[in-house]
There are 2 protein chains.
Amino acid sequence: MNATAATPPATVQRLAVIGCGLMGGSFALALRRAGLVQRVVGVARSPAARQQALHLGVVDEATDNAPAAAQGADVVLLAVPVAATAATLRALAPVLRPDALLMDVGSTKADVVQAARATLQGRLGRFVPAHPIAGKEKAGVEHASADLYRRAQVVLTPLPDTDPDALQHAQALWAALGARVRVMTPQAHDAALAAVSHLPHLLAFAAVYALATQPDGADKLALAGPGFRDFTRIAASDPEIWRDILHANAAQVRVQAAAFRAALDAFENALQEPARLQQLIEEASRVRRTWAPAGATPSP
Amino acid sequence: MNATAATPPATVQRLAVIGCGLMGGSFALALRRAGLVQRVVGVARSPAARQQALHLGVVDEATDNAPAAAQGADVVLLAVPVAATAATLRALAPVLRPDALLMDVGSTKADVVQAARATLQGRLGRFVPAHPIAGKEKAGVEHASADLYRRAQVVLTPLPDTDPDALQHAQALWAALGARVRVMTPQAHDAALAAVSHLPHLLAFAAVYALATQPDGADKLALAGPGFRDFTRIAASDPEIWRDILHANAAQVRVQAAAFRAALDAFENALQEPARLQQLIEEASRVRRTWAPAGATPSP
């Protein structure tokens, strides 16, 4: 399931970053720092974002025209909001170079694959769906960093139609940025991410919501400490991005929510049985203490 | 609800720390650094802990005999596991100086107050139940720090029987350590902490448990990133301590769990209704983004 490129990738001549925000901007900055890109063209809808991307040195050229940016590019990174994915792919398909590598950075993969099948036609083989497991609560190119993907895991979910060359190119690029690359099916990705990311976000949102909507919620909140701060950090995430992720992966999120509810039942039923409660907590505490986030330990 | 001592407290002549671990050890270190204590006597069951407390300069004297340590002390801090509270209070009652200030540091207060009423007899008026909202996942005197209570909130829950002098002394001591002192009833404390600490721990335990007990839980866990790390940090907490807290405050934890389940239902029902889902997430995200942990902002 793991894959690491042994040879460094060839220098990218023209990188088109479609959606030049935190994710796309960080990819451009990281490639630049690695000396692996000659020219970066960024696409952003708002003039302010284009100005900022230029000002911060993230891109050499900024435009609001995605097909124009992608024209002649040897690598195209799609980093637009999920809702815009299908329309953007449709607009890009006719102008993509036949040998261009096309990747996205979306947090869900089955829906992106479906959109790619419906739109990319003859370019489908050059599309490598990608999900870099990295991010911040704050979006926008002003938070982009050449370090965002360093030691992060990047999951690639190739289709049966994907050219082996395109997959290998994608692996080499991400590995050159210091990421740990994994390859799996879109379905396995979505099931796993529902468990380790999407459901935790849903739970954090629900926990903050439940507290905030109590009559004396503000008074209670004033007593919250560092444990609450960390537990709910992800509840500050961008609402539109998470609306799309949770909606796109609703089926797998429901599977994980059901597993969570069963566990919560067990813990609540054990509140009056200290010995059983301790057993349950010990299992959770043991797992959490022995787990280390990817990157903190060597790749297995 | 807030109280800050205007005048610094008198120097403590003899501080007895009954249970010389993270919380008790940090109190001793902080008082020392503030130049507010002459002699610290620490009580620990294990010879290794006593040795370490002496070695780290947390205490001047270490013993396993709580009554002997408390004898002649003008301030006694009880920092033993919840399960040992009643027995320890009973052992201390006969030897406490009539003017000694007695405090605990427990995370639940109604149960401690009940134990104090049952054991302290004539010394009840000198007992000021305290809960410093500070801590780490790691217990033990080796993690004690003079900074643990700096800018932390400390809740004092006096009884109707509590001497105003004792309450004022307690306020002055914690304030001198840099803590923000709040005074409320034991019941209000337990209801608020169930919401902002106890339920979040229960949810984090249950979330890790639900993931770990899936057949491919380890594979999924390997994909978890920084969001999961922070969300589940509190799930690594000490099982015995949290067994006692959750058991002691089970009724309020259930109230909060019910509120959380209602919120989770609303979020799950909205998975297929993007507009509604966004509304719910926006409310949670707004509350979380505008909240800052106590200490990060000036006291209101």
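Residues numbered from 1 in each chain as written. Chains lettered and ligands numbered in written order. Predicted model: local features only at pLDDT ≥ 70, side-chain atom pairs only at ≥ 80, totals over all residues. Heavy atoms only, no water.

Things to note about the overall build of chain A
Next up, step 1: In terms of helices and strands, chain A carries 12 helices and nine strands.
Next up, step 2: Computed over the C-alpha atoms, the radius of gyration of chain A is 21 Å, within 12% of the 19 Å expected from 2.2 N^0.38 for a compact globule of 300 residues.
Next up, step 3: Within chain A, buried positions represent 58% of all 300 residues.
Next up, step 4: A separation of at least 24 residues holds for 75% of the contacts in chain A among residues at least 6 apart in sequence. (Helix = DSSP H or I, 4+ residues; strand = E, 2+ residues; numbered from the N terminus. Rg over C-alpha atoms; globule rule 2.2 N^0.38 Å. Buried < 20%, exposed > 50% of the residue type's maximum accessible area, 1.4 Å probe, protein only. Contact = heavy atoms within 4.5 Å.)

Considering the sheet that holds strand E2 (residues 37-43) of chain B
Residues and elements named next belong to chain B.
Next up, step 1: Spatially, six strands are ordered E3-E2-E1-E4-E5-E6 in an open sheet, and the strand pairing comes out parallel. The outermost strands of the open sheet, each flanked by one partner alone, are strand E3 (61-63) and strand E6 (127-128).
Next up, step 2: When strand E5 (residues 101-104) meets E6, the two strands line up parallel, connected through two bridges. From the neighbouring strand, Leu102 faces E6, where its bridge partner is Phe127.
Next up, step 3: Seen against the sheet, helix H1 (residues 22-33) touches strand E1 (12-18), E2, strand E4 (75-78) and E5 and runs at an angle of roughly 165° to E1. (Pairing = 2+ DSSP bridges. Axes fitted to C-alpha atoms, helices over the stretch in contact; angles between N-to-C directions.)

Structural notes on helix H10 (residues 239-248) of chain A
Next up, step 1: If you check which residues of H10 of chain A are buried, you get Pro239, Trp242, Arg243, Asp244, Ile245 and Leu246 of chain A.
Next up, step 2: Sitting at the amino-terminal end of H10 of chain A is Asp238 of chain A, which places a side-chain oxygen 3.1 Å from the backbone nitrogen of Glu240 of chain A. (Polar contact = N/O pair within 3.5 Å; in protein donor to acceptor, adjacent residues only side chain to side chain.)

Description of the relation of the copies chain A and chain B
Next up, step 1: With an RMSD of 0.0 Å, chain A superimposes on chain B once it is rotated by 180° and translated 0.0 Å along the axis. In symmetry terms, the pair is related by a two-fold rotation axis. By C-alpha distance to the rotation axis, the residue of chain A lying nearest is Phe231 of chain A, at 2.0 Å. (Least-squares fit on C-alpha atoms with pLDDT ≥ 70 in both.)

Quick look at the sheet that holds strand E9 (residues 180-183) of chain B
Residue and element names in this part refer to chain B.
Next up, step 1: Strand order in this open sheet of three strands is E7-E8-E9, and the pairing throughout is mixed. Unpaired on one side and paired on the other, strand E7 (130-133) and E9 mark the two borders of the sheet. Going from strand to strand, the sheet's axes swing by 20° on average, the running direction of each strand aside.
Next up, step 2: Relative to strand E8 (residues 153-156), E7 runs antiparallel, the two sharing four bridges. Of the residues in E8, the one forming a bridge with His131 is Val155.

Points about unusual backbone geometry
Next up, step 1: With phi around 50°, Gln121 of chain A is a residue other than glycine that occupies positive phi space.
Next up, step 2: Position of Gln121 of chain A relative to the elements: it lies in the loop between helix H5 (110-119) and strand E6 (127-128).
Next up, step 3: Residue classification places Gln121 of chain A among the exposed positions, given a relative accessible area of 60%.
Next up, step 4: Even without being a glycine, Arg151 of chain B presents a positive backbone phi close to 65°.
Next up, step 5: Structurally, Arg151 of chain B is set in the loop between E7 and E8.

A short note on the pattern of salt bridges
Next up, step 1: Summed over all chains, the structure comprises 28 salt bridges over all chains.
Next up, step 2: A salt bridge links Asp147 of chain B to Arg33 of chain B, with the shortest nitrogen-to-oxygen separation between them at 2.8 Å. Separated by 114 residues along the polypeptide, Asp147 of chain B in the loop between E7 and E8 and Arg33 of chain B in helix H1 bring together distant segments of the chain.
Next up, step 3: Within the structure, one salt-bridge network assembled from shared partners comprises Arg229 and Asp230 of chain A together with Arg233 of chain B. (Salt bridge = Lys/Arg side-chain N within 4 Å of Asp/Glu carboxyl O.)

Considering the interface of chain A and chain B
Next up, step 1: The interface of chain A with chain B comprises 78 residues on the first partner and 78 residues on the second.
Next up, step 2: Both sides of the chain A and chain B interface together cover about 7800 Å² of buried area, and 70% of this is carbon and sulfur.
Next up, step 3: Looking at the side of chain A facing chain B, the largest losses of area belong to Leu223, Phe231 and Arg288 of chain A, adding up to 10% of the total buried there.
Next up, step 4: The residue Arg233 of chain A makes a salt bridge to Asp230 of chain B at a minimum N-O spacing of 2.5 Å.
Next up, step 5: In this structure, the connection of chain A to chain B is made through 26 residue pairs in polar contact (both at pLDDT 80 or more).
Next up, step 6: Per-element tally for the side of chain A that touches chain B: the top contributor is helix H7 (residues 186-212) of chain A, with 17 residues.
Next up, step 7: Of the residues in the side of chain A that touches chain B, the class split is 51 nonpolar, 11 polar and 16 charged. (Buried area = accessible area lost by both parts, 1.4 Å probe. Nonpolar A, V, L, I, M, F, W, Y, C, P; charged D, E, K, R; others polar.)

Some words on the packing of aromatic side chains
Any pair of aromatic rings gets described here by the distance separating the centres and the angle formed by the planes.
Next up, step 1: One pass over the full model with this rule turns up 12 aromatic pairs over all chains.
Next up, step 2: Residues Phe27 of chain A and Trp174 of chain A carry aromatic rings whose centres are separated by 4.9 Å and whose planes lie at 55° to one another, so their mutual orientation is tilted. Placement of the pair is Phe27 of chain A in helix H1 (residues 22-33) and Trp174 of chain A in helix H6 (residues 164-176), with a sequence separation of 147 residues.
Next up, step 3: Take Phe27 of chain A: its relative accessible area is 0%, and that puts it in the buried class.
Next up, step 4: Ring centres 6.4 Å apart and planes at 5° place the aromatic pair Phe267 of chain A and Phe205 of chain B in the stacked group. Placement of Phe267 of chain A in helix H11 (residues 250-269) and of Phe205 of chain B in helix H7 (residues 186-212) is noted, with the two residues assigned to different chains.
Next up, step 5: Taken together, Phe27, Tyr149 and Trp174 of chain A form an aromatic cluster joined through their ring pairs. (Phe/Tyr/Trp six-rings, centres within 6.5 Å; stacked < 30°, edge-to-face > 60°.)

Notes on the confidence of the model for chain A
Residue and element names in this part refer to chain A.
Next up, step 1: Summing up the model confidence of chain A, the mean pLDDT is 93 and the portion of residues at 70 or higher is 95%.
Next up, step 2: Counting interchain partners and residues more than four positions distant, the pLDDT-below-50 stretch residues 296-300 has seven contacts.
Next up, step 3: Interface confidence for the predicted complex, expressed as ipTM, amounts to 0.87; the pTM equals 0.88. (pLDDT = per-residue confidence, 0-100.)

Some points on the side chain of Thr119 of chain A
Residues and elements named next belong to chain A.
Next up, step 1: Within the secondary structure layout, Thr119 lies in helix H5.
Next up, step 2: A relative accessible area of 4% means that Thr119 is categorised as buried.
Next up, step 3: In this structure the side chain of Thr119 is engaged in a polar contact, spanning 2.7 Å, whose partner is the backbone oxygen of Ala115.
Next up, step 4: Setting aside residues up to four positions removed in sequence, Thr119 forms contacts with Ala86, Leu89, Arg90 and Ala93.

As for H11 of chain A
Next up, step 1: Between the first and last C-alpha of H11 of chain A there are 28 Å, a value that for 20 residues agrees with the 28 Å anticipated at 1.5 Å per step.
Next up, step 2: All of the buried residues along H11 of chain A are Ala250, Val253, Gln256, Ala257, Phe260, Ala263, Leu264, Phe267 and Glu268 of chain A. The buried residues of H11 of chain A all sit within an arc of 140° when viewed along its axis, so they share a single face. Exposed residues pointing more than 90 degrees away from the buried face of H11 of chain A are listed as Ala251 and Asn269 of chain A.
Next up, step 3: The elements touched by buried residues of H11 of chain A are H7, H10 and helix H12 (274-290) of chain A together with H7, helix H8 (217-221) and helix H11 (250-269) of chain B. (Expected span 1.5 Å × (residues − 1). Arc of directions from axis to C-beta.)

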